[in-house]
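# Working through the structure, step by step
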Amino acid sequence: MIQIKNLSVFYQGKEGTTQVLNQLDFTMNRDEICAIIGPSGCGKSTLLKVLSGIITTHEGEVLLNQEVLNPHSHKIGLIPQNFGLLPWKTVQENCLLSFKIKKEKITSSTLEKMDQMMRRLNIDHLKKRYPHELSGGQKQRVAIVRSYLMEPDLLLMDEAFSALDAIIKEEAQQLFLDVWSESKINTFFVTHSIDEALYMGKKIMVLSNNPGQIVKIIDNPLFHLTDYRNHSDYPHLYAHLKQLIKKGWIEES
Ligand SMILES: Nc1ncnc2c1ncn2[C@@H]1O[C@H](COP(=O)(O)OP(=O)(O)OP(=O)(O)O)[C@@H](O)[C@H]1O
């Protein structure tokens, strides 16, 4: 479970202090996945930086499983937009990187799990390749294997599907959710795509601008439905989200 309590973030710049996030309050159960969506510059990446422990100088608090979030004691997985693979490491080495960094033993069951996931995501034949020898979709799947292998307490994704072309993106989203459904790690992902939020967000957090605050949390009835675009709720939810994002409105009801 993750609890964001009264979270505000300020940046210090040459022109003084700017407030980027304003009094965010949000609780998410352990088995949920939340899309973060909002206009450009509203603080989505800043929120991910707080959740990954990069920004610590904020007001309010973030609790993960009832303890103050701390990247040294919690395992936090991050899949960035460029997938974050080290170019000089092979696919297998990239997948096992967090074990090397934390000097944890790589057991035979870890390797077995890695092989299983690679087979499942159809990248098991690419183990010895380097990132520059992979397509965008393949890099993304390597990043998924890597983050799941470390069994994170919290998984964060910053527009992790945006670099993929339309067909590959749909396949990657589906594969991701299939894998996610088996372990249900607390997950937040930033997206600019309303369609992606409606397919992948069990909850959808809509942020407004200047400073970023929560406009609305939606419990999404279309989450992980194969035929979500043909669901009767799709058009009005899509239009509703678009309106909220465009105007940054705080709803009256
Ligand atoms: N290190 C920094 N110092 C000062 N201001 C910053 C810093 N990083 C971000 N900002 C500002 O904070 C605001 C929020 O930035 P952030 O990157 O979190 O937004 P975002 O919602 O992720 O944007 P986008 O959708 O365009 O990627 C922006 O106005 C940005 O200019």
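Residues numbered from 1 in each chain as written. Predicted model: local features only at pLDDT ≥ 70, side-chain atom pairs only at ≥ 80, totals over all residues. Heavy atoms only, no water.

### A short note on the overall build of the chain
Across its full length, the chain carries 8 helices and 10 strands. Dimensions along the principal axes, computed over C-alpha positions, put the chain at roughly 55 × 45 × 35 Å. By the burial criterion, 49% of the 253 residues in the chain qualify as buried. Partitioning the contacts of the chain with sequence separation of at least 6, the portion at a separation of at least 24 is 68%. Looking at the chain, you have 29 positive and 29 negative side-chain charges, and the mean spots of the two groups are 5 Å apart. (Helix = DSSP H or I, 4+ residues; strand = E, 2+ residues; numbered from the N terminus. Buried < 20%, exposed > 50% of the residue type's maximum accessible area, 1.4 Å probe, protein only. Contact = heavy atoms within 4.5 Å. Lys, Arg positive; Asp, Glu negative; His and termini not counted. Charge placed at Lys NZ, Arg CZ, Asp CG, Glu CD.)

### A few points about the sheet that holds strand β2 (residues 16–28)
Here we have 4 strands laid out as an open sheet, ordered β2-β1-β4-β5, and antiparallel in their pairing. Since the sheet does not close on itself, it has two edges, and those belong to β2 and β5 (67–68), each with one partner. Helix α1 (residues 44–51) contacts β1 (2–13), β2 and β4 (58–64) of the sheet and is inclined by roughly 115° relative to β1. (Pairing = 2+ DSSP bridges. Axes fitted to C-alpha atoms, helices over the stretch in contact; angles between N-to-C directions.)

### Some details on the site of the ligand
In the vicinity of the ligand, the contacting residues are Tyr-11, Val-20, Pro-39, Ser-40, Gly-41, Cys-42, Gly-43, Lys-44, Ser-45, Thr-46 and His-192. A distance of 2.9 Å separates an oxygen atom of the ligand from a polar side-chain atom of Ser-45. Look at the ligand: alone it shows 630 Å² of surface, and the protein chains cover 57% of it. It is α1 that provides the largest number of residues to the shell around the ligand, a total of 3 residues. Residues of the shell around the ligand, tallied by class, amount to 4 nonpolar, 6 polar and 1 charged. (Near = heavy atom within 4 Å. Polar contact = N/O pair within 3.5 Å; in protein donor to acceptor, adjacent residues only side chain to side chain. Areas by Shrake-Rupley, 256 points an atom, 1.4 Å probe, with all protein chains shown as cover. Nonpolar A, V, L, I, M, F, W, Y, C, P; charged D, E, K, R; others polar.)

### Describing the sheet that holds strand β3 (residues 33–37)
Reading across from one edge, β6-β7-β8-β3-β9-β10 is the order of the 6 strands in this open sheet, with mixed pairing throughout. Because the sheet does not close on itself, it has two edges, and the strands there are β6 (76–79) and β10 (213–219). Averaged over all pairs of adjacent strands, the angle between their axes in this sheet comes to 20°, without regard to strand direction. Each of β3, β6, β7 (154–158), β8 (186–190) and β9 (203–208) touches α1; the most contacted strand, β7, lies at about 155° to it.

### Comments concerning the pairing of β10
Here β9 pairs with β10 via 6 bridges, running antiparallel. Considered in β10, the bridge of Val-206 is made with Lys-216. Hairpin connection, β9 to β10: the antiparallel pair is bridged by 4 residues, and Asn-210 has positive phi, about 55°.

### Examining the UniProt feature "domain: ABC transporter" (unreviewed entry) in the chain
Here, UniProt's "domain: ABC transporter" (unreviewed entry) annotation points to residues 2–234. End C-alpha atoms of residues 2–234 are separated by 28 Å, and the span's content is 30% helix alongside 28% strand. (UniProt positions renumbered as here; feature names shortened; annotations may be inferred.)

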